[in-house]
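Tertiary structure, described
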Amino acid sequence: MTDAAPTARAPRLAAELLDWYDRHARVMPWRTGPAARADGVRPDPYRVWLSEIMLQQTTVAAVKPYFEAFTARWPTVSDLAAAADADVMAAWAGLGYYARARNLLKCARAVAETHDGVFPDSHDALLSLPGVGPYTAAAVSAIAFDRPETVVDGNVERVMARLHDEHTPLPAAKPILTEHARALTPPERPGDYAQAVMDLGATICTPRNPACGLCPWRTDCAAWAAGTAPELPKKAPKKVKPTRRGIAYLARRVDGAWLLETRPETGLLGGMLGWPGTDWVSLDAALPDDAPPIRAEWRTLSEEARHTFTHFHLRLTLKVALVPMDRAPCRGEFIPAPEFRPADLPTLMRKAFDLARPR
């Protein structure tokens, strides 16, 4: 492990990285590029904030179509604040980590109601908004308002670990790597710098096969000199994910309507449309008692809907039924066929639908 970059080296490293960024910045729909910024174009805080929320634990490639659809439908934070919850949750379906969508609406409404539709420009004020944590506050503050905040995501952690040949495993290394990043953050063009170091990690200092020959920091990189770059950052062994199971009930009425319910606001998939079902229990426990949402002749499919969440794997037994027009459910409601869009379902529920539909 090396010491933090000396103060005298930091300005040169920042300048070298910004020069590289001016030539190689990725073009992304939420980004105001370095040339536009040099011409005086200011980033839209709404677009910066929206992209940062969407990008949490999600890839750039997956986020792009969602971001473009959101900003076309809700071009300002006030437009988003006025949107119906169900519309936003449906538009978010497939992006995962659905608590982000609920907090997205809470934050948009707080900005609209408390700040007259204008995002606050300081780190502390941003941190007071619903769903905005330290990383998002730093990113929006730096990128949208050019504040000299330290922005550290997974890409930045990897770059810092290699630049300093830091072998402390993550997550214990996080405060160490953050201090390294803070020492390099320049007072000039901090927004461009924040995006530059993330771009460096995403395109050059990649997890596998880093392109060290193209890196503007190669000659200063301690891991490159030591030959340890491909093995950094170190990570503590992952815990084995447990498996849970449950039952999902997919009922279709003879007129083509599907029986769905809105899940509780709290918990996984909160606020999303889904199939009525049982609790999810440990794989070692007995399958939950049958609790169909409507009286019908239920048939169990041979295939299970399987999905992996952050902390566990899930296996859903699927039961399907065709029900008559005069049968009323004890939970959920029938969505007429013309109004039902499978794309509005979260990924797990869409997997269940894809398995049940041919039956």
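Scroll up to find the structure this text is about.
Residues numbered from 1 in each chain as written. Predicted model: local features only at pLDDT ≥ 70, side-chain atom pairs only at ≥ 80, totals over all residues. Heavy atoms only, no water.

Points about the packing of aromatic side chains
Selection rule: When two rings of Phe, Tyr or Trp (its six-membered ring) have centres within 6.5 Å they constitute a pair, described as stacked for plane angles under 30 degrees, edge-to-face for angles over 60, and tilted for the intermediate range. Put simply, DSSP marks the helices as runs of H or I at least four residues long and the strands as runs of E at least two long, and each gets a number from the N terminus on. In this scheme, a residue with accessible area under 20% of its type's maximum is buried, one over 50% is exposed, and one in between is partly exposed, where area comes from a 1.4 Å probe on protein chains only.
In the structure shown here, the tally under the stated rule is 15 aromatic pairs. Between Trp 49 and Phe 119 the ring centres are 5.3 Å apart and the planes differ by 45 degrees, which places this aromatic pair in the tilted class. Here Phe 119 lies in the loop between helix H7 (99-114) and helix H8 (123-127) and Trp 49 lies in helix H3 (residues 45-55), a separation of 70 residues in the sequence. No difference in accessibility class separates Trp 49 from Phe 119, as the two residues are buried. Between the aromatic rings of Phe 70 and Trp 92, the centroid separation amounts to 6.1 Å while the plane-to-plane angle is 85 degrees, which identifies the pairing as edge-to-face. Remark: Trp 92 occurs in helix H6 (residues 85-92) and Phe 70 occurs in helix H4 (residues 60-73); sequence separation between them is 22 residues.

Some words on the nonpolar core
Threshold: Only buried residues count toward a nonpolar core. Its members are Ala, Val, Leu, Ile, Met, Phe, Trp, Tyr and Cys residues joined through side-chain atoms within 4.5 Å. Here, two residues are considered to be in contact whenever any of their heavy atoms come within 4.5 Å of each other.
Counting 97 residues, the largest nonpolar core has Trp 49, Met 160, Trp 217 and Trp 275 as the members making the most contacts within it. Apart from the residues lying within four places of it in its own chain, the contact partners of Trp 49 are Val 77, Leu 80, Leu 104, Cys 107, Ala 108, Phe 119, Val 132, Thr 136 and Val 140. The next biggest cluster of nonpolar side chains, apart from the first, holds 7 residues, and it includes Ala 257, Leu 259, Ile 294 and Val 323.

Let's talk about the pairing of strand E1 (residues 243-253)
Filter applied, for reference: For two strands to count as paired, DSSP must find a minimum of two bridges between them.
With 8 of 11 residues buried, E1 is to be regarded as a mostly interior element. With 11 bridges joining them, E1 and strand E6 (residues 313-323) adopt parallel strand pairing. Paired with Tyr 249 across the bridge in E6 is Lys 319. One ladder, built from 2 bridges, connects E1 with strand E4 (residues 281-282); its direction is antiparallel. Its bridge partner lying in E4, Arg 245 is registered against Val 281.

Examining empty space enclosed by the protein
Stated precisely, the cut-off is as follows: Of the grid points, spaced at 1 Å and generated over the protein atoms alone, those admitting a 1.4 Å probe that cannot get out make up cavities, while open sets with protein on both sides within 12 Å along at least five of seven lines make up pockets; any residue with an atom within 4 Å of a point is treated as lining. Grid points are joined across faces, edges and corners, and a volume is the space filled by probe spheres set on the points. In this classification, the charged set is Asp, Glu, Lys and Arg, the nonpolar set is Ala, Val, Leu, Ile, Met, Phe, Trp, Tyr, Cys and Pro, and all remaining amino acids, among them Gly, are polar.
On inspection of all chains with the given rule, the structure shows 2 cavities of 30 Å³ or more. A volume near 130 Å³ is recorded for the largest cavity. Arg 162, Cys 205, Cys 212, Cys 215 and Cys 221 are the residues nearest the centre of the largest cavity, which is lined by 15 residues in total. The biggest single contributor to the lining of the largest cavity is helix H10 (residues 154-163), with 3 residues. Residues of the lining of the largest cavity, tallied by class, amount to 13 nonpolar, no polar and 2 charged. Approximately 60 Å³ is the volume found for the second largest cavity. Taken together, Glu 149, Thr 150, Val 151, Val 156, Ala 181, Thr 185, Pro 190, Tyr 193, Ala 194 and Val 197 make up the full set of residues lining the second largest cavity. For the lining of the second largest cavity, the element with the highest residue contribution is helix H12 (residues 190-203), accounting for 4 residues. Across the lining of the second largest cavity, the residue classes break down as 7 nonpolar, 2 polar and 1 charged.

Observations concerning the packing of H6 against H7
As a reminder of what qualifies: Orientation is described by lines fitted to C-alpha atoms, with helices fitted over the stretch in contact, and by angles between N-to-C directions that extend from 0 to 180 degrees. Geometric relationships in this document are graded by angle, where less than 35 degrees denotes roughly parallel, more than 145 denotes roughly antiparallel, 65 to 115 denotes roughly perpendicular, and other angles denote oblique. Crossing handedness is read from the near helix: turned anticlockwise from the far helix by less than a right angle, it gives a left-handed crossing, and turned clockwise, a right-handed one.
Orientation of H6 relative to H7, taken along the N-to-C sense of each, is 135 degrees, at an axis distance of 10 Å. As far as their axial angle goes, H7 and H6 are oblique. Between H6 and H7 lies a crossing whose hand is right-handed. Between H6 and H7, the residues in contact are Asp 85, Val 88, Met 89 and Trp 92 and Arg 100, Ala 101, Arg 102, Leu 104, Leu 105 and Arg 109, respectively. Split into classes, the residues belonging to the contact of H6 with H7 amount to 6 nonpolar, no polar and 4 charged.

Here we look at helix H1 (residues 10-24)
Quick reminder of the rule: Given a helix with a known number of residues, its expected span is that number minus one, times 1.5 Å. Think of it as the arc spanned by the lines of direction from the helix axis to the C-beta atoms.
In this model H1 runs 21 Å from its N-terminal to its C-terminal C-alpha over 15 residues, within 8% of the 21 Å that 1.5 Å per residue would give. What H1 keeps buried is the set Ala 10, Leu 13, Ala 14, Leu 17, Leu 18, Trp 20 and Tyr 21. Along H1, the residues classed as buried sweep out an arc of 160 degrees about the axis, all on the same side. In this structure, H1 carries Pro 11 and Arg 23 as exposed residues pointing more than 90 degrees from its buried face. Contacts from the buried residues of H1 go to helix H2 (34-38), helix H11 (174-184) and H12.

Some thoughts on the pattern of salt bridges
Rules: Whenever a carboxyl oxygen of Asp or Glu lies within 4 Å of a side-chain nitrogen of Lys or Arg, that contact is scored as a salt bridge.
The full count for this structure, using the stated rule, is 23 salt bridges. Note that Arg 23 and Asp 19 form a salt bridge whose closest N and O atoms lie 3.2 Å from each other. Taken together, the residues Arg 23 and Asp 19, both in helix H1 and 4 residues apart, mark about one turn of the helix. Judged by its relative accessible area of 54%, Arg 23 is exposed. Linking Arg 182 and Glu 179 is a salt bridge whose minimum nitrogen-to-oxygen distance equals 2.3 Å. Placement of the pair is Arg 182 and Glu 179 together in helix H11, with a separation of 3 residues, close to one helical turn. For Arg 182, a relative accessible area of 41% gives the class partly exposed.

Limitation: the analysis is restricted to geometry and does not speak to function.
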